[in-house]
Amino acid sequence: MKRILPLLLLLSVVSVSAQSTYPQITNIPGRNTVCLDGNWKYIVDLYKTGNQDYRANPLPEGQSFFADRSFYADQRRLVEYDFGAAKEIAVPGDWNTQRPELYYYEGTVWYRTMFYHMSKPGKRYFLYFGAANYETVAGLNGHRVGRHEGGFTPFNFEVTDWLLEGDNSLVVNVDNTRRMDGVPTVNSDWWNYGGITRSVYLVETPSTFIRDYFLQLRKGSQDVIEGWAQLDGPALRQRVTVSIPELGISTTVTSDDSGLARFSIPSKPVLWCPDNPKLYDVKVYSETDSVSDHIGFRTIETRGDRLLLNGQEVFCKGISIHEEMIGGAGGRAFSEAHARALLSEAKAMNCNFVRLAHYPHSENMVRMAEEMGIMVWSEIPVYWTIAFDNPETYANAERQLVDNIARDHNRANVIIWSVANETPLGDSRLEFLSKLIAKARELDPTRLVSAAMEKIEYEGRMMTVSDPLLDIADLISFNQYVGWYDGTPEKCDEVTWTFSVKKPVIVTEFGGGAVYGRHGEKDMRFTEENQEYLYQKNIDMLSRMPGLAGASPWILKDFRSPKRMLDGIQDDYNRKGLLSEKGERKKAFYVMQSWYGTK
Ligand code: GCB
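Residues numbered from 1 in each chain as written. Predicted model: local features only at pLDDT ≥ 70, side-chain atom pairs only at ≥ 80, totals over all residues. Heavy atoms only, no water.

1. What about unusual backbone geometry?
Of note, the bond from Asn 133 into Tyr 134 is cis; its omega dihedral lies within 30 degrees of zero at 10°. Structurally, the position occupied by Tyr 134 is in the loop between strand 5 (123–129) and strand 6 (135–140). Residue His 358 is reached from Ala 357 by a cis peptide bond, and omega for that bond is -15°. For His 358, the position within the fold is in the loop between strand 22 (353–356) and helix 5 (363–372). Of note in the backbone geometry, Asn 310 takes a positive phi value of approximately 55° without being a glycine. One can find Asn 310 in the loop between strand 19 (306–309) and strand 20 (312–313). Classification of Asn 310 by relative accessible area gives buried; the value is 12%. Phi at Asn 350 takes a positive value of approximately 75°, unusual for a residue other than glycine. With respect to the helices and strands, the residue Asn 350 is situated in the loop between helix 4 (336–348) and strand 22. (Helix = DSSP H or I, 4+ residues; strand = E, 2+ residues; numbered from the N terminus. Buried < 20%, exposed > 50% of the residue type's maximum accessible area, 1.4 Å probe, protein only.)

Spelled out as C-alpha cells, the structure:
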C-alpha cells in the first residue's frame, strides 16, 4: 500500500478555481455503485496548515504528487498530519452535531477513508458526492481529482486513471468558511453545517455511458412524452432506446455526433398527482449502457391567475422545510428515514406541497416526496444580499441551478424551480435573477420558474408586491410577516391585497415564533397561543387575497440559526416551527391542518 501521509499537501483548496469539469451523472440510485459511507478519519485544520506548502508550489490539477520531490522537504509536518492517529467521524453527517467542540466550527476539515477496489477492464469510475458544504477538494492516491464549490448540489470527479488495484486512499478537504462572494453569502438565517453531508459513491460505468436523460410530458400536452438522453465517452453515435413496458413503449433513435439522442413518443400515461402518485418503471439503454428509473408524468401550467396540475386547478397546501433532522442531535438530514420523518409531518398537516427551503435538499427528500404524492418547490441558495455585481458569483449560482435541475428534472413532483429568496431590488440583482430564470427555462421548459419575493405596503394599508421580477416569473410568490415583524395579528384584518399582474399567488412564507409548551395570552409573543392566533388571522387574510393558489408558511420545524440568540426562548433556534426541534406539535400546527383539511 502506498504512503498516504503527503496527501494533504496535494489537495490545497487555493489556486485553481475552476469548477469540476465533469458534468453531473444523474440517477445514482439506478447505477452500479459502491457506497463509501461510513466512519472516516478526520483532522480539524483551523489555520489551513495542510494547505500551506501547496500554496507555495501549486500543482496542476491531476498531476501526481509523487512526481514532485520538493514536497517531501518537510517530513515532520507530514507526520503531524498522519491520519493514522486521527479519530473518526460519520460520513455522511455534519461535523457540528457529531462533536461538541465543532458545534460552532467554520473552517477546514480533512477527511480520509480507505477502500478496496479492483477495476474491471473497459470500465470508467467516478467519485460522486451527494453534497459537501461548502468547498471541497478531493484527492485519490496522491492525485488531486477535483474541486467543487457549493454546499447542496451533487458533483462527481472521474478517477478511472487514479484507482489502484487493492487499497485506495481517498482524502477530502471540506471548508465551510462563509464568503462574501459565495452562494449563499456570509449572512443567512440557518446553521452553516459543515462537512460531507450526503452520501459518497464510487460509480462504475461503461466507457461510453448514459450520463443524463430527461423524460417528461411535452409542455402543454398530455399525450406526448418528450426528452433526450446524453451519452458520454468515445462511442457517441449509438442506438438509444426508451422502454416503458407498462405503457407498451419501446422507442429507439440514433444519437448524434455529440451523443445526444432526442425522443418524442406518443403515449397517454396515467398522470402523477398527489392523490395518485403514479410512477412508471422506465429503462433507458444504449448499445453500451443501461439505466433504470421510476418516472411519473404530469403537466403544470398557469392560466391567468390559476395554477393547473394536469389541466385541473390545484391549490398548493404547503409548508416550508429546512433539511434538518427531527429529534436527536438535530443536524443536517440526509437519509430516507430523515426525509420520511419530515414529510410524514407535512402529510399529517394535510399538505400536498412543500417548499424545500433555501437550497437543494437531498435526492432522498425529493424522491420520498414524489412517492408520497407531495409537490415540490425547489430552490437554490441565492439568499438575501448575494454579490449580484460579481460575475463569479453569478457563475456559481448558475452552476448550482444547472446541477439542481440536472439531478431532479425527471421528478414529477418538482413543479417550480426557484432562483432566489428575498433579494433586495436593484439593477444588477434583476439582471442576475433574469439570467437564472432564462437558464432554468432553457434547461427545462416543462416547469414553472419563480423566486420568493417580498411584500410592500403603501398608503391606506394596501399591500402588494412591487418587483420587476413579477413580469418575468411565472408566479406571484412572496414572503410576508404581517402580524409578526409587521404589527400585531389584528393587522391582518385591516389590510387589502392587490397585484399588478394576473398570475397565481403563492405566499411562500408567513408565520411567527413560539416555544413549544410556553403558554399565555394570545397577545404574548413566543407563546403557542400567540402563534395559533397569528395563524388564524393570516389564514383569514390569505383567504381574501386575489388569485391565491397556495401557501407554504414558515416553517415545519424549529431550526438552528446563529442569528437566534434570545436566551431561554431561542437558544440558537428559529422558533417559527409548527413543530419543536424534537417534533412536538404546537397549537398552530392544528390550525394549518384544519385549514388544509377543508381545501
Ligand atoms: C425570511 C427568510 C427566512 C427566515 C425568516 C425568519 O423571510 O426567508 O429564511 O428564516 O424570514 O424567520 O425571519
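2. Topic: the layout of surface pockets
One number sums up the size of the largest pocket: a volume of about 570 Å³. Residue lining of the largest pocket: 25 residues in total, with Pro 29, Glu 336, Glu 363, Asn 364 and Arg 367 positioned closest to the centre. Looking at the lining of the largest pocket, the elements with two or more residues in it are strand 17 (290–295) and helix 5. For the lining of the largest pocket, the element with the most residues is helix 5, which contributes six residues. The residue inventory of the lining of the largest pocket, partitioned by class, reads seven nonpolar, ten polar and eight charged. When its volume is computed, the second largest pocket comes out at roughly 390 Å³. Arg 211, Asp 212, Val 402, Ala 406 and Leu 443 are the residues nearest the centre of the second largest pocket, which is lined by 15 residues in total. Those elements that provide at least two residues to the lining of the second largest pocket are strand 11 (209–217), strand 12 (224–232), helix 6 (391–408) and helix 7 (427–443). (1 Å grid on protein atoms, 1.4 Å probe; cavity = no way out; pocket = protein on both sides within 12 Å on 5 of 7 lines; lining within 4 Å. Points joined across faces, edges and corners; volume = space filled by probe spheres on them. Nonpolar A, V, L, I, M, F, W, Y, C, P; charged D, E, K, R; others polar.)

3. Topic: the site of the ligand
Looking at the ligand, there are 14 residues lining it, with Asp 189, Tyr 383, Glu 422, Tyr 485 and Lys 576 nearest. Take Asp 189: an N or O atom from its side chain is 2.5 Å from an oxygen atom of the ligand. The side chain of Tyr 485 places a nitrogen or oxygen atom 2.5 Å from an oxygen atom of the ligand. When the ligand is considered free in solution it has 320 Å² of accessible area, and contact with the protein chains removes 96% of it. In the shell around the ligand, the residues fall into five nonpolar, four polar and five charged. (Near = heavy atom within 4 Å. Polar contact = N/O pair within 3.5 Å; in protein donor to acceptor, adjacent residues only side chain to side chain. Areas by Shrake-Rupley, 256 points an atom, 1.4 Å probe, with all protein chains shown as cover.)

4. Structural notes on empty space enclosed by the protein
The full count for this structure, using the stated rule, is seven cavities of 30 Å³ or more. Considered as a void within the structure, the largest cavity measures approximately 130 Å³ in volume. A class-by-class count of the residues in the lining of the largest cavity yields five nonpolar, seven polar and two charged.

5. Here we look at the side chain of Asp 486
With respect to the secondary-structure elements, Asp 486 resides in the loop between strand 28 (476–479) and helix 8 (491–494). In terms of polar contacts, Asp 486 uses its side chain to reach the side chain of Lys 491, at 2.5 Å. Leave out the neighbours within four places in its chain, and Asp 486 touches Lys 455, Glu 457, Met 463, Tyr 481 and Lys 491. (Contact = heavy atoms within 4.5 Å.)

6. Points about the sheet that holds strand 14 (residues 249–254)
Strand order in the open sheet formed by four strands is 14-13-16-17, with antiparallel pairing between adjacent strands. Edge positions in the open sheet fall to strand 14 and strand 17, since each of these has one partner strand only. Neighbour-to-neighbour, the strand axes of this sheet turn through a mean angle of 15°, independent of strand direction. Relative to strand 16 (residues 280–285), strand 13 (residues 239–244) is paired through three bridges, and the arrangement is antiparallel. Bridging from a neighbouring strand, Thr 241 pairs with Tyr 285 of strand 16. (Pairing = 2+ DSSP bridges. Axes fitted to C-alpha atoms, helices over the stretch in contact; angles between N-to-C directions.)

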